[in-house]
Amino acid sequence: MKIFVLSAIMVLLLGGCRKSKTDGISAQMAYDGVSNYCHSEFDWSVAQDNPSIMYVALADSTETEYKVVFRSYTGAFTYFYVDKASGATRMVEFVPALNIENEAGSINLRDYLE
């Protein structure tokens, strides 16, 4: 009986040391954070009459990151690569008409979650 109780206590203690999945970033959080960032940084008034010219969309994801896409009214795209564990987000701008891709900086996604 003592061994069972000690085993149960050890499982509880060790389990508490691990990070749960809820501590990371979910797909919805990635989308919401990028959307909040884009709405605070870019002028969306040009899209009032035609909302389809500007949007934020969740794209592919890997084991470690989500990809969220912002399309500007100019036709340029900004790709946000959101680390699932930390929320660190790398931005890459792509202009299809000129076939130009540039690193555009980084943000902490958690700064844009309400």
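Residues numbered from 1 in each chain as written. Predicted model: local features only at pLDDT ≥ 70, side-chain atom pairs only at ≥ 80, totals over all residues. Heavy atoms only, no water.

Some remarks on the side chain of Thr78
Move 1: Considering the arrangement of structural elements, one finds Thr78 in strand E3 (residues 77–83).
Move 2: According to the relative accessible area criterion, Thr78 is buried, its value standing at 7%.
Move 3: Leaving out residues up to four positions away in the same chain, Thr78 has contacts with Val68, Val69, Phe70, Met91, Val92 and Glu93. (Helix = DSSP H or I, 4+ residues; strand = E, 2+ residues; numbered from the N terminus. Buried < 20%, exposed > 50% of the residue type's maximum accessible area, 1.4 Å probe, protein only. Contact = heavy atoms within 4.5 Å.)

Examining unusual backbone geometry
Move 1: Phi at Asn99 is positive, roughly 55°, even though this residue is not glycine.
Move 2: Mapped onto the elements of the fold, Asn99 is located in the loop between strand E4 (88–95) and strand E5 (100–108).
Move 3: The class for Asn99 is exposed, based on a relative accessible area of 61%.

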